[in-house]
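For reference, the chains in residue letters:
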Amino acid sequence: MSTSDDAAGAAPASRRQVTEIRTDLNLALSGGFLASGVALILLLPALADRQPVWGLLWIPFVIVTPTLWALIHEAIHGSLHPVRRWNDGLGRALGILFGSPLAILRLGHLVHHRVYGLPDEAQPARARPRILAVPLHYLRLAGGLYLLEVAAIVLALLPRPTLRWIARQAARRHPLGERALLDQTERGLLTTPILTRLRVDALLIVVLYGTGLLFYGAQVWMLLAAVAGRGALVSFMDNIYHHSPAGDPRRTMDLTLPGWASGAILHANLHAVHHRRPDIPWSGLPLAGARYPDMPRRPFAAIAWEQLARPTA
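Remember, it's a predicted structure, so these values are computed and weren't measured experimentally.

A. Geometry of the overall build of the protein. A count of helical and extended segments in the protein gives 18 helices and two strands. Burial analysis of the protein (313 residues in total) assigns 45% to the buried set. Counting contacts in the protein only where the partners sit at least 6 residues apart, residues at least 24 apart contribute 74% of the total. Accessible surface for the protein amounts to roughly 15500 Å². Of this, 67% is attributable to carbon and sulfur atoms.

B. Spotlight on helix H7 (residues 84-98). An ideal rise of 1.5 Å per residue puts 21 Å on 15 residues; H7 measures up with 20 Å between its terminal C-alpha atoms. Those residues of H7 that fall on the buried side of the exposure criterion are Asn 87, Asp 88, Leu 90, Gly 91, Leu 94, Gly 95, Ile 96, Leu 97 and Phe 98. Positive phi shows up at Gly 99, right after H7, with a value of about 110°.

C. Looking closely at unusual backbone geometry. Non-glycine residue Leu 266 carries a positive phi angle of around 55°. With respect to the helices, strands and loops of the structure, Leu 266 is situated in the loop between helix H15 (259-264) and helix H16 (271-276). Residue class for Leu 266 comes out buried when judged on its relative accessible area of 5%. Notably, His 267 is not glycine yet its phi reads approximately 55°, a positive angle. Along the chain, His 267 turns up in the loop between H15 and H16. On the basis of relative accessible area, His 267 is assigned to the buried category, the value being 13%.

D. How the structure looks around the pattern of salt bridges. Across all of its chains, the model carries eight salt bridges by this definition. Across the pair Asp 238 and Arg 140 runs a salt bridge whose closest N-O atoms are separated by 2.9 Å. Of the two residues, Asp 238 sits in helix H14 (residues 220-240) while Arg 140 sits in helix H10 (residues 130-151), which places them 98 residues apart along the sequence. Here Arg 140 falls in the partly exposed class, since its relative accessible area comes to 32%. A salt bridge links Glu 306 to Arg 298; the shortest N-O distance between them is 4.0 Å.

E. Looking closely at the packing of aromatic side chains. This model, assessed by the stated rule, comprises four aromatic pairs. Between Phe 33 and Phe 61, the aromatic rings sit 5.9 Å apart at their centres with planes inclined by 70°, giving edge-to-face as the arrangement. On the criterion of sequence distance, the pair formed by Phe 33 in helix H3 (residues 23-42) and Phe 61 in helix H5 (residues 58-63) is long-range, its members being 28 residues apart. With respect to class, Phe 33 is no different from Phe 61; both count as buried. Each residue in the set Phe 33, Trp 58 and Phe 61 is aromatic and connected to the rest through ring pairs, giving one cluster.

F. Spatial organisation of the side chain of Glu 149. Among the structural elements, Glu 149 can be located in helix H10. The buried charged residue Glu 149 lacks any salt bridge partner; its closest oppositely charged side chain belongs to Arg 140, at an N-O distance of 7.8 Å. Here Glu 149 is in contact with Phe 98, Ser 100 and Leu 105, once residues within four sequence places are set aside.

G. Examining the packing of helix H6 (residues 65-76) against H7 more closely. Taken N-terminus to C-terminus, the directions of H6 and H7 make an angle of 145°; their axes are 9 Å apart at the nearest point. Pair H6 / H7 crosses with left-handed handedness. In contact with Leu 68, Trp 69, Leu 71, Ile 72, Glu 74 and Ala 75 of H6, H7 contributes Asn 87, Asp 88, Gly 91, Leu 94, Gly 95 and Phe 98. Classifying every residue of the contact of H6 with H7 by side-chain character gives seven nonpolar, three polar and two charged.

H. Region of the structure containing the packing of H14 against helix H18 (residues 300-309). Between H14 and H18, the shortest axis-to-axis distance is 10 Å and the interhelical angle comes to 105°. Judged by the inter-axis angle, H14 sits roughly perpendicular to H18. Of H18, the residues touching H14 (which contributes Phe 236, Met 237, Asn 239 and Ile 240) are Phe 300, Ile 303, Ala 304, Gln 307 and Leu 308.

I. A nonpolar patch on the surface, seen in detail. Taken together, the side chains of Leu 47, Val 53, Trp 54, Leu 56, Leu 57, Ile 59, Ile 63 and Val 64 present a nonpolar region at the surface, about 700 Å² in accessible area. Of note, Ile 59 is situated in helix H5. Look at Ile 59 and you get partly exposed, because its relative accessible area is 46%.

J. A look at helix H11 (residues 160-171). Between its first and last C-alpha atoms H11 spans 16 Å; for 12 residues at 1.5 Å apiece the expected length is 16 Å, and the two agree. Taken together, the buried positions of H11 are Leu 163, Ala 167 and Ala 171. Looking down the long axis of H11, one finds its buried residues gathered within 75° of arc, a one-sided arrangement.

K. Region of interest: the confidence of the model for the protein. Overall, the prediction assigns the protein a mean pLDDT of 84, with 85% of residues at 70 or greater. Within the protein, no element has a lower average pLDDT than helix H1 (residues 3-9), which sits at 38, and none a higher one than H7, at 97. Here residues 1-13 is a poorly scored stretch, pLDDT under 50, and it has 11 contacts once near neighbours within four places are set aside; other chains count. This model gives residues 119-126 a pLDDT under 50, and the stretch forms 13 contacts once residues within four places in sequence are excluded.

Parameters at a glance
Each residue is numbered by its place in its chain's sequence as written, counting from 1. Local features are withheld for residues below a pLDDT of 70 in this predicted model, meaning they are given only at 70 or higher, and side-chain atom pairs are given and counted only at 80 or more; totals for whole chains, interfaces and linings count all residues. Excluding hydrogens and water, the side-chain values take into account all heavy atoms of the structure. For the purposes of this entry, the term helix denotes a DSSP run of H or I that reaches at least four residues, the term strand denotes a run of E that reaches at least two, and both are numbered from the N terminus. Three labels apply to residues, based on accessible area from a 1.4 Å probe with only protein chains included: buried if under 20% of the type maximum, exposed if over 50%, partly exposed otherwise in between. What makes two residues a contact is simply this: any of their non-hydrogen atoms within 4.5 Å. Each accessible area is a Shrake-Rupley estimate made with a 1.4 Å probe; only the visible protein chains count as cover when residues are assessed. Each helix should span, by expectation, one fewer than its residue count multiplied by 1.5 Å. Each reported salt bridge corresponds to a side-chain nitrogen of Lys or Arg within 4 Å of a carboxyl oxygen of Asp or Glu. Each aromatic pair joins two rings of Phe, Tyr and Trp (for Trp, the six-membered one) with centres within 6.5 Å, and gets the label stacked for planes under 30 degrees apart, edge-to-face for over 60, and tilted for any other angle. Here Asp and Glu are counted as negative and Lys and Arg as positive; His is not counted, and neither are the chain ends. An axis is simply a line fitted to the C-alpha atoms; with a helix, the fit covers only the stretch in contact. Between two such axes, the angle follows the N-to-C directions and lies from 0 to 180 degrees. The hand of a helix crossing depends on one turn: near helix anticlockwise from the far one by less than a right angle means left-handed, and clockwise means right-handed. Residue classes follow a fixed rule: Ala, Val, Leu, Ile, Met, Phe, Trp, Tyr, Cys and Pro count as nonpolar, while Asp, Glu, Lys and Arg count as charged, and any other residue, Gly among them, counts as polar. Oblique is the label for any angle not under 35 degrees, not over 145, and not in the 65 to 115 range, which are roughly parallel, roughly antiparallel and roughly perpendicular in turn. Excluding any residue in a salt bridge, patches collect residues exceeding 30% relative accessible area, merging like charges within 9 Å and nonpolar Val, Leu, Ile, Met, Phe, Trp and Tyr side chains within 5 Å. Arc definition: it is the arc formed by the directions from the helix axis to the C-beta atoms. Scored from 0 to 100, pLDDT records how confident the predictor is in each individual residue.

And the structure:
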């Protein structure tokens, strides 16, 4: 069923329910994350210095990392707020708290959508010797993906010609095609306004977390452990929707969860629906999914275990 057929066949009320952005809830969640995250980084050290048990407040914040990422993901697709300025402003603020600029996250994710399912997508990974592929699989799950997203802050320090050279090297064997990837990088990262925002966001990340490191002092391990926990959880969750021991790049799936758990991560488990209709905000994914009975579905716990037990390139 095509997107146009789906839109044409939907009743008006259903179409509104599927495409309506939950602005009120998105604002409340975004505000809650920003307020609590900044407080944990800058204000908690004063309490933790007197009584380390206050550091336990980081645990629930780390646990809800998938929800934080889901909000950033909405901003990437323009579905966090119907006003573009608010959408991007909130997305940038959440990205700073997350530890990686929105511009970097947006470029990577939108390239992923364009590449996903292309016949050549998995070729570089399949070419790796298994002796390398298996450790890289577990390194990615343990936080490797998040480490790359954070390390991308360094890109903000580089001059534009150097960034173009890096893009050319990355594009040589990219399944999207060299010209297509270079064009998307130019539009999505290297224009003056976007590159300026990237640099400002990177500076704010360094200031925020650098100040946190100073404030925590002897208790700095609390902040480092929280960031490591966030990295491991978001990396594990990012891979799970596309895990395929056979290395089939066209495989994605909806993962079944109880309703409350699906809602808690903004229905990110309905990933096959999202790939078919990336224009739909998180609140519309359950209704949209009901229109696609052909979507592959697997239990979340089964795939979580499978990606640990059956490594893939």
